[in-house]
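Here is what each chain is made of, one letter per residue.
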Amino acid sequence: MVKVRVWGSLAEFTEGQTEVEIKATTLRELLDGLAGEYPGLRPQLERGISVAIDGRVYNDSWFTPISEESEVVLLRRLKGG
(Lines give C-alpha, C1' and ligand atoms only; values in the text may rest on other atoms or scores of the structure.)
Protein backbone atom coordinates (compact mmCIF):
# COMPACT_ATOMS: atom_id res chain seq x y z
CA MET A 1 0.00 0.00 0.00
CA VAL A 2 1.18 3.48 -0.87
CA LYS A 3 0.56 6.29 1.62
CA VAL A 4 -0.75 9.39 -0.14
CA ARG A 5 -0.91 12.81 1.48
CA VAL A 6 -3.94 14.70 0.20
CA TRP A 7 -3.15 18.40 0.01
CA GLY A 8 -5.48 21.29 0.77
CA SER A 9 -9.06 21.34 -0.45
CA LEU A 10 -8.72 17.95 -2.18
CA ALA A 11 -9.23 16.39 1.26
CA GLU A 12 -12.92 17.28 1.10
CA PHE A 13 -13.20 14.57 -1.58
CA THR A 14 -11.47 11.94 0.60
CA GLU A 15 -13.92 12.25 3.48
CA GLY A 16 -11.69 14.82 5.16
CA GLN A 17 -8.73 12.48 5.32
CA THR A 18 -5.37 14.12 4.64
CA GLU A 19 -3.60 10.77 4.32
CA VAL A 20 -4.96 7.68 2.58
CA GLU A 21 -3.52 4.33 1.52
CA ILE A 22 -3.94 2.92 -1.97
CA LYS A 23 -2.59 -0.26 -3.54
CA ALA A 24 -0.53 0.87 -6.55
CA THR A 25 2.81 0.40 -8.28
CA THR A 26 2.42 3.14 -10.94
CA LEU A 27 0.90 6.60 -11.10
CA ARG A 28 -1.97 5.29 -13.26
CA GLU A 29 -2.80 2.56 -10.72
CA LEU A 30 -2.70 5.17 -7.97
CA LEU A 31 -5.15 7.48 -9.75
CA ASP A 32 -7.47 4.59 -10.65
CA GLY A 33 -7.36 3.37 -7.04
CA LEU A 34 -8.15 6.83 -5.69
CA ALA A 35 -11.09 7.21 -8.09
CA GLY A 36 -12.43 3.79 -7.07
CA GLU A 37 -12.03 4.34 -3.33
CA TYR A 38 -13.20 7.98 -3.33
CA PRO A 39 -15.76 8.53 -6.14
CA GLY A 40 -16.15 12.20 -5.21
CA LEU A 41 -12.51 12.69 -6.20
CA ARG A 42 -13.04 11.36 -9.75
CA PRO A 43 -14.12 14.73 -11.30
CA GLN A 44 -11.01 16.37 -9.84
CA LEU A 45 -8.82 13.62 -11.25
CA GLU A 46 -10.46 13.95 -14.67
CA ARG A 47 -9.85 17.73 -14.69
CA GLY A 48 -6.23 17.06 -13.93
CA ILE A 49 -4.19 17.00 -10.77
CA SER A 50 -0.51 16.96 -9.94
CA VAL A 51 1.18 14.23 -7.97
CA ALA A 52 4.51 14.72 -6.26
CA ILE A 53 6.47 11.50 -5.93
CA ASP A 54 9.65 11.72 -3.87
CA GLY A 55 9.81 15.48 -4.41
CA ARG A 56 9.25 15.51 -8.18
CA VAL A 57 5.91 16.70 -9.63
CA TYR A 58 4.15 14.63 -12.30
CA ASN A 59 1.04 15.51 -14.28
CA ASP A 60 0.57 12.88 -16.99
CA SER A 61 3.38 10.36 -16.60
CA TRP A 62 1.09 7.36 -16.13
CA PHE A 63 3.74 4.65 -15.90
CA THR A 64 5.91 6.38 -13.31
CA PRO A 65 6.76 3.72 -10.72
CA ILE A 66 5.72 4.14 -7.10
CA SER A 67 7.00 2.05 -4.21
CA GLU A 68 5.56 1.60 -0.75
CA GLU A 69 8.42 3.75 0.55
CA SER A 70 7.71 6.64 -1.87
CA GLU A 71 6.60 9.98 -0.51
CA VAL A 72 3.42 10.75 -2.49
CA VAL A 73 1.44 14.00 -2.34
CA LEU A 74 -1.77 14.64 -4.29
CA LEU A 75 -2.41 18.30 -5.11
CA ARG A 76 -4.37 20.47 -7.49
CA ARG A 77 -2.74 20.72 -10.91
CA LEU A 78 0.24 23.05 -10.94
CA LYS A 79 0.20 25.37 -13.94
CA GLY A 80 3.00 27.56 -15.15
CA GLY A 81 2.55 30.83 -16.89
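Residues numbered from 1 in each chain as written. Predicted model: local features only at pLDDT ≥ 70, side-chain atom pairs only at ≥ 80, totals over all residues. Heavy atoms only, no water.

A. Quick peek at the packing of aromatic side chains. Using the criterion set out here, one finds zero aromatic pairs in the structure. Positioned above the aromatic ring of W62 is the side chain of R28, whose terminal nitrogen or guanidinium carbon lies 4.4 Å from the ring centre. (Phe/Tyr/Trp six-rings, centres within 6.5 Å; stacked < 30°, edge-to-face > 60°. Lys NZ or Arg CZ within 6 Å of the ring centre and 35° of its normal.)

B. Seen up close, the environment of T25. Looking at the element boundaries, T25 is found in the loop between β2 (19-22) and α1 (27-37). In this structure the C-alpha to C-alpha distance between T25 and A35, which are ten residues apart in sequence, comes to 15 Å. Excluding its chain neighbours within four sequence positions, the residues that come into contact with T25 are T64, P65 and I66. (Helix = DSSP H or I, 4+ residues; strand = E, 2+ residues; numbered from the N terminus. Contact = heavy atoms within 4.5 Å.)

C. Seen up close, a negative patch on the surface. Negative charge collects at one region of the surface, where E19, E21, E68 and E69 lie side by side. Tracing the sequence through the fold places E69 in the loop between β4 (56-58) and β5 (72-76). (Patch = residues over 30% accessible without salt bridge, like charges linked within 9 Å, V, L, I, M, F, W, Y side chains within 5 Å. Areas by Shrake-Rupley, 256 points an atom, 1.4 Å probe, with all protein chains shown as cover. Salt bridge = Lys/Arg side-chain N within 4 Å of Asp/Glu carboxyl O. Lys, Arg positive; Asp, Glu negative; His and termini not counted. Charge placed at Lys NZ, Arg CZ, Asp CG, Glu CD.)

D. Seen up close, the nonpolar core. Grouped together as the largest cluster of nonpolar side chains are 23 residues, with contacts concentrated most on L30, L34, L45, V51 and L74. In terms of residue count, α1 provides more of this core than any other element does, five residues in total. If we skip the residues at most four places from it in the chain, L74 touches V4, R5, V6, W7, L10, L34, L41, L45, I49, S50 and V51. (Core = buried A, V, L, I, M, F, W, Y, C linked by side-chain atoms within 4.5 Å. Buried < 20%, exposed > 50% of the residue type's maximum accessible area, 1.4 Å probe, protein only.)

E. Structural view of the sheet that holds strand β1 (residues 2-6). Across the sheet, five strands lie side by side as β2-β1-β5-β3-β4; this open sheet has mixed pairing. The sheet is open, and its two borders are formed by β2 and β4, each paired with just one other strand. Looking at each pair of strands side by side, their axes are set apart by 30 degrees on average, direction ignored. Relative to β5, β1 runs parallel, the two sharing three bridges. Looking at the pairing, V6 lines up with L74 of β5. (Pairing = 2+ DSSP bridges. Axes fitted to C-alpha atoms, helices over the stretch in contact; angles between N-to-C directions.)

F. Up close: the pairing of β1. Here β1 shows a buried face lined by V2, V4 and V6 and an unburied face lined by K3 and R5. One ladder, built from four bridges, connects β1 with β2; its direction is antiparallel. Residue R5 lies in a different strand from β2, and its bridge partner there is E19.

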